[in-house]
Amino acid sequence: MTEFKQPTVEEDVAGLDMIYREHILDHYKNPRNHGNIEHPDISFHDNNPLCGDEIKIEVKLDAQTHISDVKFTGRGCAISQCAASMLTEELKDKTLEEAKKITNQDIIGMLAIPISPVRMKCAILSLKVLEAGIYEYENKQKLQKVRITDS
Amino acid sequence: MSKTKLALKTFDVESIRKDFPILKRRIFGKPLVYLDNSATAQKPQVVIDAMTDYYTNYNANVHRGIHKLSEEATHAYEEAHEKVAKFINGSFEEIIFTKGTTESLNLVAYSLGKALKPGDEVVITEMEHHSNIVPWQQVCKEKGAALKFIGIAEDGKLDWNSINSQITKKTKIVSLTHVSNVLGTINPIKEIGKVAHENNAIFIVDAAQSVPRMRVDVKDLDADFLAFSGHKMYGPTGIGVLYGKKNILQDMSPFLYGGDMIKEVKFHESRWNDLPWKFEAGTPNIEQGIGLGVAIDYINSIGIENIEEHERELTKHAMKVLEEVPLVTIYGPDAESRSSVVAFNFDNVHAHDVATILDREGIAVRAGHHCAMPLMSVLNIIASVRASFAIYNTKEEIDKLAASLATVRKVFKL
Ligand SMILES: Cc1ncc(COP(=O)(O)O)c(C=O)c1O
């Protein structure tokens, strides 16, 4: 029988007050790469239905493969906004292929705080937005190629 | 509605708290302060015991056996319908058990929706829960009908001008919430029902937030349909109610088809069972139904008027102490016009972060859009913190909430 066991105070408190650390608050209050890009190549927006976090990411590419600029806007909790800010820093000067390799675990690593299962959605929202944006961009490119070869 | 207090039991919150075993829990080493009652209420021991008792002593399917156990289970399950009927002043045949408010509203939307035609209109309000928006969006789309919204005035109440302009001869259905699960606004549904009926529209009430905390009398309100959930009124999850006026239910087509809802099945046609079973297809949630009946007994033993009074005191107190907290904005009407829900935001801190910090103090609140995204857009916010109260809450708990908000400032260095 699986019986409910009240967690001990120690279990509960472990890693507790580590969430709102200095660097998290810093990125939250002074987000990096915040704003919009004129004529972005990639632009995608999504929200997290649980709490209403919103993120929009815009990317400018060089030669269709290299990220020359990236900006984000959004509203939401400290975790989601901080993750977006850190992700944009990470993306500068990366190629699209490199950007596609970033994982959820990388985001957790950048945040460097304990993320509870509920807050996981907040933490990875910006990465999901980026992935969806790249996917949409690459599909468009493929379609264009098809059209060009067709004509 | 009698205003005199029922002297059933003097309201003693300490003894009530003893009825709820979960209140002994500690969260992060602190006593649980459960202020998420609009989402779901905690369960008294009697409700928990009733469900165990069913499984331990008389588990059987209902309406399907002539053996002793089935007879006992059927009796208990049907008796629960009677208890609900009495509680809201309907009759036994008018009480359909569903899985919750959401299913109740879907049931009406799909069944009534079949008759909608292009040019017909359905009127709801800007403060509805998604469960009273999305089903109507879908049936309107399918039938080419228009979905219209009654607006909200500055004070967080429905705008009367909008009520009178949106409900017209074209309106076939008016469906609205009795109490807003975000603003706490208690809507003048009896008056709105009159306007609906003057225009020959069907009048539906989402009573998910009102039935647990105030006297709801379907005859007095003259509601054609009324929906609510067991889990918000100290009963189990997985059980809810759709009340419908008998004459309307008789003519309405079923929503789900299958066993139990039929009288006779031939190869190519069937005859529907009597009310309310015509709308309860398949093996129902028997133990939850029984649990809901016991939850109603429990509410009756305390007295719904006493519950209303206790929660009103808590709400007034909460409004007073939260208004004094710096950087806090409260949404919705004054304490007099609201039920026991207080939604608020903290300047420059997202609701989710506030809730995380409160959680560390053992305080459970809801943070998010509360399944009311259109309302969030009217308020021009993406989320809010929501504290909501029930019979077992105390003023001391609300003081703790206010005090813990100071921690938010500290953590965010505001
Ligand atoms: C006003 C209102 N309507 C409908 C619902 C939906 O209830 P349930 O999720 O139990 O179906 C809720 C609760 O979440 C509510 O507060």
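Provided above is the structure to which this section pertains.
This write-up is about the structure you can find in this document. (Residues numbered from 1 in each chain as written. Chains lettered and ligands numbered in written order. Predicted model: local features only at pLDDT ≥ 70, side-chain atom pairs only at ≥ 80, totals over all residues. Heavy atoms only, no water.)

**Focus on the overall build of chain A**
Here is step 1: The number of helices and strands found in chain A is six helices and three strands.
Here is step 2: Tracing chain A from N to C terminus, the helices and strands come up as α-α-β-β-β-α-α-α-α.
Here is step 3: Taking all contacts inside chain A whose residues are at least 6 apart in sequence as the whole, residues at least 24 apart take part in 61%.
Here is step 4: Total accessible area on chain A stands at roughly 8500 Å², and carbon and sulfur atoms take up 54% of it. (Helix = DSSP H or I, 4+ residues; strand = E, 2+ residues; numbered from the N terminus. Contact = heavy atoms within 4.5 Å. Areas by Shrake-Rupley, 256 points an atom, 1.4 Å probe, with all protein chains shown as cover.)

**Describing the sheet that holds strand 13 (residues 328-331) of chain B**
All names here are of chain B.
Here is step 1: An order of 13-14-17-16 is seen for the four strands of this open sheet, with the pairing classed as antiparallel. Looking along the sheet, the strands with just one partner apiece sit at the ends: strand 13 and strand 16 (366-368). On average, adjacent strands in this sheet sit at an angle of 30° to one another, irrespective of strand direction.
Here is step 2: Against the sheet, helix 12 (residues 351-360) contacts strand 14 (341-346), strand 16 and strand 17 (384-388), and its axis sits at roughly 160° relative to strand 16.
Here is step 3: Where helix 14 (residues 395-411) meets the sheet, its contacts fall on strand 13, strand 14 and strand 17, and the angle it forms with strand 14 comes to roughly 20°. (Pairing = 2+ DSSP bridges. Axes fitted to C-alpha atoms, helices over the stretch in contact; angles between N-to-C directions.)

**What to know about the site of the ligand**
Residue and element names in this part refer to chain B.
Here is step 1: In the region of the ligand, 13 residues are neighbours, and Thr102, Asp206, Gln209, Ser229 and Lys232 sit closest.
Here is step 2: Between Thr102 and the ligand, the recorded distance is 2.5 Å, taken from a side-chain N or O atom to an oxygen atom.
Here is step 3: The side chain of Gln209 places a nitrogen or oxygen atom 2.7 Å from an oxygen atom of the ligand.
Here is step 4: Contact with the protein chains covers 85% of the free accessible surface of the ligand, which is 390 Å². (Near = heavy atom within 4 Å. Polar contact = N/O pair within 3.5 Å; in protein donor to acceptor, adjacent residues only side chain to side chain.)

**Overview of the pairing of strand 3 (residues 66-75) of chain A**
Residues and elements named next belong to chain A.
Here is step 1: Both strand 2 (residues 53-62) and strand 3 contribute to a ladder of nine bridges, which runs antiparallel. Across the sheet, residue Lys60 finds its bridge partner in strand 3, namely Asp69.
Here is step 2: In this antiparallel pair of consecutive strands, strand 2 and strand 3, the connection spans three residues, and Ala63 shows a positive phi of 50°.

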